Amino acid sequence: MACAGTAADPIDDAFFARGAVAVARDLVGATLRFGRLAARIVETEAYAGDPASHFVTRPRTAAMMGTTFGRLYIYRIYGLHRCLNVTADRNGPGAVLLRALEPIEGVAEMARRRGVTDPRQIASGPAKLFVALGIGDDLLGARALDEFTFERPARPPRVASGPRIGISRAKSLRWRFWERGNPHVSR
DNA sequence: TGGCCGATATGCT
DNA sequence: GCATATCGGCCAA
């Protein structure tokens, strides 16, 4: 069913076994914990077997999109940047790109890593949040739940959707999800 | 082996 | 709003 779940439902492997679009939508508002850091996921994007997906455009490096769920898929882009995804969909290719976080705990640590002071500049973009979390390429392929914990929001967030950002193909799909009005969203 | 392009961020006009 | 750094992945040749 298409139920978004309640605050009591855990975010476990079964959560990520669902389709990428449902996983992306339902991660908005969740709290991501990594060590002493905590942040609210405020923006995500879903990728599946569509023409903009790395499963299609980078079939070798993104093969794990088709064979795993609940695993960390990390990719490099424009030479410099790295972005963090969690694979999804037990029955087909899927991954969810984490695009923006609202820092909650360990804010000073994240700000220092990013070299910024404005809280809105800490993690308001996929490559920004990767730096803010202080993670590395070594997490590629790891179980997401071995590295992070995810907690449902106490109250259902207001989730908006629109076209994914930075892609040249499949622009009509509205597979970007964000918390409406949250200032930490990338745009 | 060469050339093109990219799920970005930043700085400047 | 626009240019550009910077380099791995991919495929055509």
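The following refers to the structure shown. If you're wondering where the values come from, they're calculated on a predicted model, not measured in any experiment.

## Remarks on the side chain of T68
Now for step 1: Relative to the elements of secondary structure, T68 occurs in the loop between α4 (64-67) and β3 (72-77).
Now for step 2: A distance of 2.8 Å separates a polar atom in the side chain of T68 from the backbone oxygen of M64.
Now for step 3: Here the side chain of T68 touches T87 through a polar contact of 2.9 Å, side chain to side chain.
Now for step 4: Residue contacts for T68: discarding those within four places in its chain leaves T87, A88 and D89.

## Points about the protein's contact with DNA strand C
Now for step 1: In the vicinity of DNA strand C, the contacting residues are T57, R58, P59, R60, T61, R76, Y78, G79 and L80.
Now for step 2: Sugar and phosphate atoms represent 83% of those atoms of DNA strand C found within 4 Å of the protein.
Now for step 3: In this structure, R58 approaches DNA strand C through a main-chain N or O atom, which is 3.2 Å from a phosphate oxygen.
Now for step 4: Here T61 contributes a backbone N or O atom positioned 3.3 Å from a phosphate oxygen of DNA strand C.

## Side note on the environment of A48
Now for step 1: As for its position among the elements, A48 is in the loop between β2 (37-47) and α3 (54-57).
Now for step 2: Through-space distance from the C-alpha of A48 to that of G66 is 8.6 Å; in sequence the pair is 18 residues apart.

## Let's talk about the environment of Y75
Now for step 1: Mapped onto the elements, Y75 comes out in strand β3.
Now for step 2: Looking at Y75, the relative accessible area reads 13%, which means it is buried.
Now for step 3: Separated by 14 residues in the primary sequence, Y75 and T61 have C-alpha atoms spaced 8.2 Å apart.
Now for step 4: Ignoring sequence-local partners within four residues, the contact set of Y75 consists of H54, R58, H81, R82, C83, N85 and L97.

## Looking at the nonpolar core
Now for step 1: The biggest cluster of nonpolar side chains holds 39 residues, and the ones touching the most others in it are L27, L84, L133 and F150.
Now for step 2: For this core, the secondary structure elements donating two or more residues are α1 (13-17), α2 (20-27), β2, β3, β4 (81-87), β5 (95-105), α5 (107-114) and α6 (126-133).
Now for step 3: Excluding its chain neighbours within four sequence positions, the residues that come into contact with L27 are I11, F15, F16, I41, T44, V96, L98 and F150.
Now for step 4: A52, M65, Y75 and I167 belong to the second largest nonpolar core, which has 11 residues in total.

## A word on the protein's contact with DNA strand B
Now for step 1: The environment of DNA strand B is made up of 20 residues, and the closest members are H54, Y75, H81, N85 and A127.
Now for step 2: Counting only atoms of DNA strand B within 4 Å of the protein, the sugar-phosphate share comes to 48%.
Now for step 3: Separating a base nitrogen of DNA strand B from a side-chain N or O atom of Y75 is a distance of 3.2 Å.
Now for step 4: Within the backbone of P126, a nitrogen or oxygen atom sits 3.2 Å from a phosphate oxygen of DNA strand B.
Now for step 5: Looking at the surface near DNA strand B, the elements with two or more residues in it are β3, β4, β5 and α6.

How each quantity is defined
- Within any chain, residue numbers begin from 1 and follow the written order of that chain's sequence.
- Think of it this way: whatever chain is written first is A, whatever ligand is written first is 1, and the rest follow in order.
- Per-residue local features are limited, in this predicted model, to residues with pLDDT of at least 70; the limit for side-chain atom pairs, both in listing and counting, is 80 or more; totals at the level of whole chains, interfaces and linings are taken over all residues.
- For side-chain calculations, the full set of non-hydrogen atoms in the structure is used, while hydrogens and water are omitted.
- Going along the chain from the N terminus, every DSSP run of H or I of four or more residues is numbered as a helix, and every run of E of two or more is numbered as a strand.
- In protein, a polar contact requires one atom able to donate a hydrogen and another able to accept it; more generally it is a pair of N or O atoms within 3.5 Å, and residues adjacent in sequence count only if both atoms are side-chain atoms.
- By definition, residues are in contact when any of their heavy atoms lie within 4.5 Å.
- Near, as used in this document, describes a residue that has one of its heavy atoms within 4 Å of the molecule or strand being considered.
- Each residue's exposure class comes from its accessible area (1.4 Å probe, protein chains only) as a fraction of the maximum for that residue type: buried when under 20%, exposed when over 50%, partly exposed otherwise.
- Put simply, a nonpolar core is a bunch of buried Ala, Val, Leu, Ile, Met, Phe, Trp, Tyr and Cys residues held in one set by side-chain atoms that sit within 4.5 Å of each other.

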